[in-house]
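# Structure assessment
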Amino acid sequence: MLNGKTALVTGSTSGIGLGIAKALAKQGANIVLNGFGDVEGPKAEIAKLGVKVDYHGADMSKPAEIEDMMKYAASKFGRVDILVNNAGIQHVAKVEDFPPERWDAVIAINLSSAFHATRLALPAMKAANWGRVINVASVHGLVASVEKVAYVAAKHGIVGMTKVTALETATTGVTCNAICPGWVLTPLVQKQVDAKASANGWTNEEATRRLLGEKEPSMQFTTPEELGELAVFFCSPAANNVRGVAWNMDGGWAAQ
Ligand code: NAD
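Residues numbered from 1 in each chain as written. Predicted model: local features only at pLDDT ≥ 70, side-chain atom pairs only at ≥ 80, totals over all residues. Heavy atoms only, no water.

### Things to note about the pattern of salt bridges
Under the counting rule described, the total for this entry stands at nine salt bridges. For D54, the salt bridge is made with K76, and the minimal N-O distance between the two is 3.7 Å. Placement of the pair is D54 in strand 3 (residues 53-55) and K76 in helix 3 (residues 63-77), with a sequence separation of 22 residues. Residue K76 is classed as partly exposed on the basis of its relative accessible area, which comes to 46%. Note that E147 is salt-bridged to K94, the shortest N-O span being 3.2 Å. Remark: K94 occurs in the loop between strand 4 (82-85) and helix 4 (100-128) and E147 occurs in the loop between strand 5 (131-136) and helix 5 (149-168); sequence separation between them is 53 residues. By relative accessible area, which is 31% here, E147 ends up partly exposed. The partly exposed category is assigned to K94, whose relative accessible area is 43%. (Salt bridge = Lys/Arg side-chain N within 4 Å of Asp/Glu carboxyl O. Helix = DSSP H or I, 4+ residues; strand = E, 2+ residues; numbered from the N terminus. Buried < 20%, exposed > 50% of the residue type's maximum accessible area, 1.4 Å probe, protein only.)

Here is the structure:
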């Protein structure tokens, strides 16, 4: 379905981004990976799916590096047809204890990076009259939790940005939508499980059960594979007129 298209997925060396990159590659899209840590492993996983894969190591907190990444992707593949704004970090502290530099980092990586990548991707998408911008927000783009002020602000912000982008492209073949996962067991969440376990003297299993029990009625993690299939749907012809939605996949979290 996506043969000949190119997808750039930010923060795709791990977790949800890698899951989405693999799902798009299975549909034939060439992939540009981005993110820190092991690069060769994710690259090999994508290459096995029979598509072209490349990598750019832009630090998504740095606009000049994002600009360089977008230019690089266009020079390698002609154009970015699908942009998945996924890179993200978390920091947990009460408002009055929240380190200002962590606020700046969360806003830069979880929100401003998506603005920069989107503004740089849209001209070529509009010229081709086809494009998909998929923002990985969170259920925290719809509702709040304590001790996550920067994350919740950034995720509400990216849901707003999704709507504006969708409106500005509404008469074109470009769409913009957001995905709002509940808990997904990636390194970002395992850190929060570990913090709960060590603060309370719980086992990993007990901390996991309590983490899910606080928020997620299904008591199940959403998987990167399931989120990848939602991204594939947004790229399909059936989703041509799905515009500006913030679609939660959260085990019932936001239904409460
Ligand atoms: P993760 O930690 O597994 O992956 C994050 C990715 O972002 C990695 O590839 C990392 O290298 C990259 N990254 C971090 N800082 C970066 C930077 N400055 N520049 C470039 N890349 C950077 O996390 P994840 O859980 O897969 O999270 C992915 C996205 O999904 C985030 O936006 C997160 O907020 C969102 N999300 C996660 C969950 C969850 O439960 N895990 C729930 C809702 C939303």
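### Observations regarding the nonpolar core
In this structure, L24, I31, I46, I82 and V84 are the most contacted members of the largest nonpolar core, which totals 30 residues. Every element with two or more residues in this core is listed here: strand 1 (6-9), helix 1 (15-26), strand 2 (30-33), strand 4, strand 5 and helix 8 (224-235). The residues touching I46, leaving out its near neighbours within four places in the chain, are A21, K22, A25, I31, L33, V51 and V53. Residues A58, M69, L122 and M125 belong to the second largest nonpolar core, which totals 21 residues. (Core = buried A, V, L, I, M, F, W, Y, C linked by side-chain atoms within 4.5 Å. Contact = heavy atoms within 4.5 Å.)

### Here we look at the packing of aromatic side chains
The full count for this structure, using the stated rule, is four aromatic pairs. Seen in terms of ring centroids, W183 and W253 are 5.4 Å apart; in terms of plane orientation they differ by 50°. Their pairing is tilted. Residue W183 is located in the loop between strand 6 (174-181) and helix 6 (187-200), and its partner W253 is located in the segment after strand 7 (246-249); the two are separated by 70 residues in the primary sequence. Neither residue differs from the other here; W183 and W253 are each classed as buried. An angle of 45° between the planes, with centres 6.1 Å apart, marks the rings of F233 and F234 as tilted. Its relative accessible area of 1% is what places F234 among the buried residues. Taken together, the ring pairs connect F233, F234 and W247 into an aromatic cluster. Here K5 stacks its cationic end above the ring of W130, 4.4 Å away from the centre of that ring. (Phe/Tyr/Trp six-rings, centres within 6.5 Å; stacked < 30°, edge-to-face > 60°. Lys NZ or Arg CZ within 6 Å of the ring centre and 35° of its normal.)

### Observations regarding the domain arrangement of the protein chain
Domain assignment breaks the protein chain into domain 1 (6-183 + 223-251) and domain 2 (185-221). Relative placement of domain 1 and domain 2: their C-alpha centres are 25 Å apart. Counting from both sides, the interface comprises 16 residues of domain 1 and, opposite them, 13 residues of domain 2. Summing both partners gives a buried area of about 1100 Å² for domain 1 against domain 2, and 59% of it is carried by carbon and sulfur. Together, Q90, W183 and G251 form the three largest contributors to the area buried by domain 1 at its contact with domain 2, with a combined 60%. Taken together, the links from domain 1 to domain 2 amount to zero salt bridges. On inspection of domain 1 and its partner domain 2, the count reaches five residue pairs in polar contact (both at pLDDT 80 or more). Among the residues making up the side of domain 1 that touches domain 2, the classes are represented as five nonpolar, eight polar and three charged. (Domains from an automatic or database assignment. Buried area = accessible area lost by both parts, 1.4 Å probe. Polar contact = N/O pair within 3.5 Å; in protein donor to acceptor, adjacent residues only side chain to side chain. Nonpolar A, V, L, I, M, F, W, Y, C, P; charged D, E, K, R; others polar.)

### Overview of the site of the ligand
For the ligand, the set of nearby residues contains 30 residues, the closest of which are S14, N86, Y151, V184 and T186. In the environment of the ligand, an oxygen atom lies 2.6 Å from a nitrogen or oxygen atom belonging to the side chain of Y151. A distance of 2.4 Å separates an oxygen atom of the ligand from a polar atom in the side chain of T186. Within the complex, 93% of the 820 Å² of free accessible area of the ligand lies under protein. It is helix 6 that contributes the most residues to the shell around the ligand, three residues altogether. Grouping the constituent residues of the shell around the ligand by class yields 16 nonpolar, 12 polar and two charged. (Near = heavy atom within 4 Å. Areas by Shrake-Rupley, 256 points an atom, 1.4 Å probe, with all protein chains shown as cover.)

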